[in-house]
Every structure is written in structure tokens, then in C-alpha cells.
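# A closer look at the structure
This is what each chain is made of:
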Amino acid sequence: MPGLMSCRSEMEAEKPLKGAKITGSLHMTIQTAVLIETLKSLGADIRWCSCNIFSTQDHAAAAIAQSNSASVFAWKAETLEEYWWCVNEALTWYDEAGYPNPNEGPNLIVDDGGDATLLIHEGVEWENNYEVNKKLPNPDDTDNLEMKEVYRVLAKELEKNPKKWQTIANNVYGVSEETTTGVHRLYTMAENNKLLFPALNVNDSVTKSKFDNLYGCKHSLPDGIMRATDVMLAGKEVLVFGYGDVGKGCAFSLKAAGCRVNIAEIDPICALQAAMEGLTVCRKEDVLSTCDIFVTATGNKDIIMVEDMVKMKNNAIVCNIGHFDNEIDIGGLENFPGIIKENIKPQNDRWIFPDGHGVLVLAEGRLVNLGCATGHPSFVMSCSFTNQTVAQVELWKNKNTDKYRNEVYVLPKKLDEKVAHLHLNHLNARLTRLTDEQALYIKVPKDGPFKPNHYRY
Ligand code: NAD
Ligand code: ADE
């Protein structure tokens with residue numbers, strides 16, 4: 001991970017994160033372990049949990065715990081109850097006497113999908129209500145299985161300390177958010193004046209979304225499908241929902257593997273891009289009964305419903321690579337009259353309909369690349385996590401300035417270019433230098449930034 005190693009060699013002596021108490025909620029993989037150790041080497045104290053019940057690599061979590069690099073609350077195949085217990089533990093800091101004390105931390109958040117940010121914000125809202133009407137959150141008031149657990153955690157914490165989340169929100173100098181879906185949540189909160197601390201949008205660094213989302217998924221989507229099913233990809237007909245950064249990566253690798261690739265899109269620009277790549281753009285109803293593999297990559301909800309799976313061919317593979325598990329209607333499958341769930345192996349279930357045909361659902365509809373394989377490889381995660389490291393240093397450096405308000409910001413292009421630069425050597429790539437005359441002619445500084453902010457790459 002050249003970017004992270006270079007962060008260490010550049011900043012380790014200075015310890016720019018000295019005093020920072022970082023809570024991280026991001027897949028606990030071997031790559032994340034290197035991020036944690038990098039943040040630690042820059043001076044931070046760290047507590048960590050995963051942001052998905054299936055994505056933890058237990059050996060990575062164990063190594064971090066053993067080396068005392070961070071307190072880790074994550075293991076592969078958590079229940080939802082355990083998952084939210086872990087998020088709460090990662091956000092609960094203790095004083096020297098061993099008592100939970102929100103004044104001790106966290107003061108920075110690394111988030112992937114926004115669950116740590118959500119728990120703090122929901123917590124503050126419930127504490128404010130509680131002050132007025134002494135009402136505790138009740139899991140029976142929501143049908144959402146995740147929110148039931150959130151309410152359980154918040155009710156317990158409210159009884160212990162009715163100021164916990166307000167204290168935390170006041171102490172947090174900012175969050176750096178890793179993924180598209182988490183960033184959407186942040187912009188919505190900022191628009192509604194609900195955001196309680198500044199947010200750095202790491203996803204929209206070019207060296208994150210145009211690399212991790214694209215090339216990362218290009219590698220790890222087929223890895224997940226193949227580890228889970230051992231199926232031959234060549235010759236199969238597939239439907240990828242969404243042709244954004246992730247969908248593009250997925251479609252490219254499936255096409256390269258010999259699949260016949262269809263794309264479902266709502267956005268005419270992305271649909272046109274898919275068509276220009278030689279892919280078929282269609283609606284799901286056109287190909288439900290002919291496709292062998294279905295992949296959701298939209299970040300939206302209700303993409304493949306149980307009524308769709310009823311029409312699929314026997315042993316069609318259904319999986320999701322978007323952040324949350326609401327793209328595939330798992331609830332609909334569970335409640336379908338007469339259906340039988342046969343567990344083929346961990347994270348691969350065959351749902352058999354009463355007519356005898358079955359569909360293979362991978363990772364219970366959660367992100368297949370991290371549930372059934374090991375996510376993106378280190379090189380691409382080095383780009384993403386160098387942005388995360390820079391973002392954390394930036395937030396901490398500005399903790400006593402008014403540079404950041406409770407809004408969402410992207411990192412400057414110069415830093416984005418630097419992240420790319422740090423990874424070129426490793427690929428034996430040699431950059432061409434502008435001459436003075438050329439720089440003047442295209443009106444670009446010789447050392448960058450090389451593109452205006454509106455450039456789209
Ligand atoms: P994006 O916004 O670039 O792409 C999503 C695409 O889905 C858009 O083009 C949008 O028009 C399309 N879409 C929305 N609703 C649709 C519908 N009903 N039918 C068809 N298409 C629809 O986002 P992205 O960066 O590609 O991320 C997609 C998801 O993947 C997000 O949830 C993100 O957080 C997640 N993600 C996962 C990984 C991973 O490793 N698994 C990595 C990066 C991002
Ligand atoms: N997101 C996608 N792949 C990942 C990985 N290997 N580690 C952490 N987060 C990821």
C-alpha cells in the first residue's frame with residue numbers, strides 16, 4: 001500500500017494525529033488493518049468496528065487486537081444485534097478508571113456507509129426528546145430490522161447516561177466518509193441542517209470513486225461470485241443494475257470473462273455510456289427469465305423483488321455489491337408462502353420456490369465482494385485509504401479553526417493528484433513534465449492542479 005507507507009514516512013515524526021481519538025466503522029479487512037496502523041503511527045488512539053456483518057477478516061481483526069493498535073469490535077458473521085453492539089462499543093470511550101466517559105472520545109470518525117454517524121445523530125435526537133417527554137426509543141415502533149437494534153442500543157444507553165450522544169457530538173471535530181451511499185446520507189443531513197459536525201467526502205476524491213468503486217469492483221465482484229459458487233462465467237447472460245462507477249467495474253469484468261452483459265439504468269447518460277460500450281440496455285422484465293446472474297449496484301432500494309425471483313430460471317445467481325442490503329428483497333423471500341431456504345455454504349443460500357425452482361442468493365443480499373470474498377485488493381485500497389488518512393489529518397489540524405462548518409466538503413484536487421502520484425512508481429509509470437511554454441499555453445501550473453474542478457475524468 002504505497003500511499004499509506006508514504007503517509008507514514010512523511011508524517012510519522014511529526015505525529016499530526018497526536019491526541020486524536022478516532023472511532024472507525026469500516027470493513028475490518030487486512031487493508032483496513034494497514035489504515036489503522038497508519039493512523040496509529042501518526043499519533044491517534046483508535047477504536048474500530050466493521051460496517052457490515054459479513055466483511056470482517058477475523059485474522060485482520062485479531063492482528064490489530066494483538067498488536068494493541070486499536071480496540072476492535074468485529075468478527076465475521078455478526079448478528080444484527082451484535083453488529084450494533086459493536087458500533088456502540090467502538091463509539092464508547094473509557095476513562096482511566098475503566099468507566100465509559102463520552103468526554104474521553106471519540107473526537108474524529110472514519111465512516112463507511114454512515115452507521116457510526118447515524119448512531120450519534122439518532123442518539124442526540126432521542127436524548128433531546130427524552131429531556132422533554134422521558135420517552136425511550138421502542139424497537140416495536142419500527143419494522144426496519146436495523147433500526148430495531150439501533151433503538152435497543154439507544155434505549156439502554158439513555159438509561160445509563162442521557163447526555164452521552166450530545167457530549168460525543170459536541171466533541172467530534174468531523175467525519176470522513178468512505179462511500180457513495182454514506183455521502184448521500186451526509187448531503188441529505190446537511191441540506192436539512194441536521195449535520196452536527198463537518199464531513200469530508202472521501203468517496204468523491206477522483207482517486208477514490210474512479211479507482212476503488214470502478215477497478216476495485218472490477219476485481220472483487222467476479223472474485224465474490226466465483227468463491228461463492230465456482231460457476232463458469234463465460235457464456236452466461238447477466239444483468240447488472242446500475243451503470244455508475246461500481247456498475248461499470250462489474251460490467252467490464254463480466255464482459256471480459258465472456259458473459260453477455262445487460263444493463264438496467266434510470267439515467268440516460270449512464271444508459272448511453274453502456275450502449276456505447278456494446279452492452280445491451282434493457283429493463284429487468286425483458287431478461288428476468290433468461291439471465292443466469294443478477295448483480296445490483298445502484299445504492300437504491302427495491303431493485304430485485306421476490307416477484308422477480310419467482311420468474312427467474314432455476315439456479316439463477318442473485319447478488320448485490322451496493323452498500324446496503326435493501327437492493328434485494330430478502331424479506332419478500334423469507335415471507336413467501338411455501339418457500340424453503342437451503343444453506344449451500346456460508347453466505348450462499350438456495351431459496352426453493354414451491355414450483356421446485358431455486359435461486360442462489362449470495363451474502364444474504366449484502367455486498368457480495370466483501371461477504372463472499374475479501375473485497376478490493378491492497379493497491380486500490382491504498383488510494384482510498386490515503387485519502388482517508390489525509391482527511392483525518394486535515395480535520396484534526398483544523399479542529400480549532402473555522403475552516404469547516406457543519407457541511408460536506410471534498411478534498412482539494414492537489415491532494416487527489418498527490419495520491420495518484422504516490423501510486424505511479426509502483427506501476428513503473430513515468431509521468432511527462434510540462435515545459436514552461438506548454439504550461440503557459442494551456443494555463444496550468446507546472447506542478448498542478450492539472451484540471452479545473454469541473455473536469456470529470
Ligand atoms: P453511482 O451513483 O455512481 O451509481 C449508481 C447508479 O445506479 C447510477 O448511475 C444510478 O442512475 C443507478 N440507479 C439508481 N437507481 C436505479 C434503479 N432503480 N435501476 C437501475 N439503476 C439505478 O454509485 P456508485 O459509486 O457506483 O455506488 C453504488 C453503490 O455501491 C453504493 O451503495 C456505494 O456505496 C456502493 N459501493 C460498494 C463498494 C463495494 O466494494 N462493494 C465500493 C464502492 C461503492
Ligand atoms: N471496500 C471494498 N474492499 C475493501 C477492503 N478490502 N477493505 C476495506 N474496505 C473495502
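Keep in mind that what you see is a predicted model, and the values were worked out from it rather than measured.

The assigned domain composition of the protein chain is domain 1 (2-207 + 376-419) and domain 2 (215-371). Once you take the C-alpha centre of each, domain 1 and domain 2 turn out to be 30 Å apart. Tallying the contact residues gives 19 residues for domain 1 and 15 residues for domain 2. Summing both partners gives a buried area of about 1400 Å² for domain 1 against domain 2, and 63% of it is carried by carbon and sulfur. Interface area lost by domain 1 to domain 2 is led by Phe54, Thr181 and His376, which between them contribute 39%.

Moving on: helix H1 (residues 2-11). Counting buried positions along H1 yields seven of 10 residues, so the element is predominantly enclosed. As for H1, its buried residues are in contact with helix H2 (30-41), helix H16 (378-397) and helix H17 (413-424).

Right, let's talk about the sheet that holds strand E15 (residues 408-409) for a bit. Taken in spatial order, the seven strands of this open sheet run E3-E2-E1-E4-E5-E6-E15, and their pairing is parallel. Because the sheet does not close on itself, it has two edges, and the strands there are strand E3 (71-73) and E15. Both strand E1 (residues 21-25) and strand E2 (residues 45-49) contribute to a ladder of five bridges, which runs parallel. Of the residues in E2, the one forming a bridge with Ser25 is Cys49. This element, helix H8 (residues 180-191), spans strand E5 (175-177), strand E6 (199-201) and E15 of the sheet and lies at about 130° to E5. Where H16 meets the sheet, it contacts E1, strand E4 (108-111), E5 and E6, and its direction lies at approximately 160° from that of E4.

A few words on the site of ligand 2. The environment of ligand 2 is made up of Leu26, His27, Thr29, Gln31, Thr32, Leu370, Thr374, Gly375, His376, Met381 and Phe385. Separating a nitrogen atom of ligand 2 from a side-chain N or O atom of Gln31 is a distance of 3.0 Å. Contacts to ligand 2 include His376, whose backbone N or O atom sits 2.8 Å from a nitrogen atom. Here ligand 2 loses 95% of its free accessible area of 260 Å² to cover by the protein chains.

A word on the nonpolar core. Judged by nonpolar contacts, the single largest core of 67 residues is most densely connected at Leu119, Ile120, Leu221, Leu254, Val261, Val295 and Ile321. A domain split of this core shows at least three residues from each of domain 1 (2-207 + 376-419) and domain 2 (215-371).

The final tally for this structure, using the stated rule, is 22 salt bridges. In this structure, Glu394 engages Lys403 in a salt bridge whose closest nitrogen and oxygen atoms are separated by 2.6 Å.

It is worth spelling out the state of the cysteines at this point. Tallied over the entire structure, the rule returns zero disulfides. Cysteine Cys217 remains unbridged, with the sulfur of Cys250 as its closest cysteine sulfur at 5.2 Å. When its relative accessible area of 4% is taken as the criterion, Cys217 is described as buried. In this structure Cys372 is a free cysteine whose sulfur lies 7.9 Å from that of Cys319, the closest cysteine sulfur available. Given the relative accessible area of 14%, Cys372 is considered buried.

The rules behind each value
- Residues numbered from 1 in each chain as written.
- Chains lettered and ligands numbered in written order.
- Predicted model: local features only at pLDDT ≥ 70, side-chain atom pairs only at ≥ 80, totals over all residues.
- Heavy atoms only, no water.
- Domains from an automatic or database assignment.
- Contact = heavy atoms within 4.5 Å.
- Buried area = accessible area lost by both parts, 1.4 Å probe.
- Buried < 20%, exposed > 50% of the residue type's maximum accessible area, 1.4 Å probe, protein only.
- Helix = DSSP H or I, 4+ residues; strand = E, 2+ residues; numbered from the N terminus.
- Pairing = 2+ DSSP bridges.
- Axes fitted to C-alpha atoms, helices over the stretch in contact; angles between N-to-C directions.
- Near = heavy atom within 4 Å.
- Polar contact = N/O pair within 3.5 Å; in protein donor to acceptor, adjacent residues only side chain to side chain.
- Areas by Shrake-Rupley, 256 points an atom, 1.4 Å probe, with all protein chains shown as cover.
- Core = buried A, V, L, I, M, F, W, Y, C linked by side-chain atoms within 4.5 Å.
- Salt bridge = Lys/Arg side-chain N within 4 Å of Asp/Glu carboxyl O.
- Disulfide = S-S within 2.5 Å.

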